[in-house]
Amino acid sequence: MTTTTDTTATDETRPAQSRAARLVTDGLEPKNWIIALTLLVGWQVDGLAGIGWGLFGATFAAVIPVLFIKFGIRRGTWADRHLGVKQQRLVVMVFIIASVLTGTLLMTLLGAPLAMVALIAAMVTTLVVLMVITTAWKVSVHAAVSSGSVIILALTYGPWLLALYPVVALVGWSRIALKDHTPAQVVAGTALGALVAGLTFALLR
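Residues numbered from 1 in each chain as written. Predicted model: local features only at pLDDT ≥ 70, side-chain atom pairs only at ≥ 80, totals over all residues. Heavy atoms only, no water.

Draft legend 1. Quick look at the pattern of salt bridges. As enumerated under the stated definition, the model contains three salt bridges in all. With a shortest N-O distance of 3.5 Å, Lys-31 and Glu-29 are connected by a salt bridge. On the basis of relative accessibility, which here comes to 26%, the residue Lys-31 falls in the partly exposed class. Note that Arg-175 and Asp-180 form a salt bridge whose closest N and O atoms lie 2.9 Å from each other. When sorted by exposure, Arg-175 lands in the same class as Asp-180, which is buried. (Salt bridge = Lys/Arg side-chain N within 4 Å of Asp/Glu carboxyl O. Buried < 20%, exposed > 50% of the residue type's maximum accessible area, 1.4 Å probe, protein only.)

Written as structure tokens, this is what we have:
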């Protein structure tokens, strides 16, 4: 959970490690992974048309959820953009699941390539599992999304992309350094994202 000190301290007063961790957490947050993933998979699946499908999927999986979170922050409904408070995180997860399910249904009806539908389905499946676990334990969404993204990229482009896993480890470090998650929550999120997202994508594409 983000503390009062974390949210009020300036870049000058934060320790260097905390500033670096914040940059990593914000720069490699789930929405950025999702946007990059949908575009990269789309390009591999169907070139420019695939990028169009990627943008369509990213709208429901990343853009709409981010706008919902920003709206809640402005109204004072959510404490912070990373949703450190469990109850707030659960409410937002329900909204995101509904948004991604809508995107999956529309992509299916509009004739999107199967791999693109599988990609969005992998996202919503992972989120459902994360939400169930979050009711009892605040598993790391950052770790799950980054880990699942690397696995899906490896399934799409080749196993050499597993070399990106140090970036996943960096994301996990940032969550621990900011005291938003424990090491166990980060490890669990990393494993869960790889297993659920990777398996769903592999089975449906």
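Draft legend 2. Summary view of the packing of aromatic side chains. With the rule as written, the count across this model stands at three aromatic pairs. Summarising the aromatic geometry, the rings of Trp-53 and Phe-56 are spaced 6.1 Å apart at their centres and angled 80° between planes, so their arrangement reads as edge-to-face. Of the two residues, Trp-53 and Phe-56 both sit in helix H3 (residues 30-75), three residues apart, roughly one turn of that helix. Assessed through its relative accessible area of 18%, Trp-53 is described here as buried. (Phe/Tyr/Trp six-rings, centres within 6.5 Å; stacked < 30°, edge-to-face > 60°. Helix = DSSP H or I, 4+ residues; strand = E, 2+ residues; numbered from the N terminus.)

Draft legend 3. Representation of the side chain of His-181 in the model. By secondary structure assignment, the location of His-181 is in the loop between helix H7 (165-177) and helix H8 (183-204). Take His-181: its relative accessible area is 5%, and that puts it in the buried class. Polar side-chain contacts of His-181 include one of 3.2 Å to the side chain of Gln-185. Setting aside residues up to four positions removed in sequence, His-181 forms contacts with Arg-89, Lys-138, Val-139, Ser-140, Arg-175, Ile-176 and Val-186. (Polar contact = N/O pair within 3.5 Å; in protein donor to acceptor, adjacent residues only side chain to side chain. Contact = heavy atoms within 4.5 Å.)

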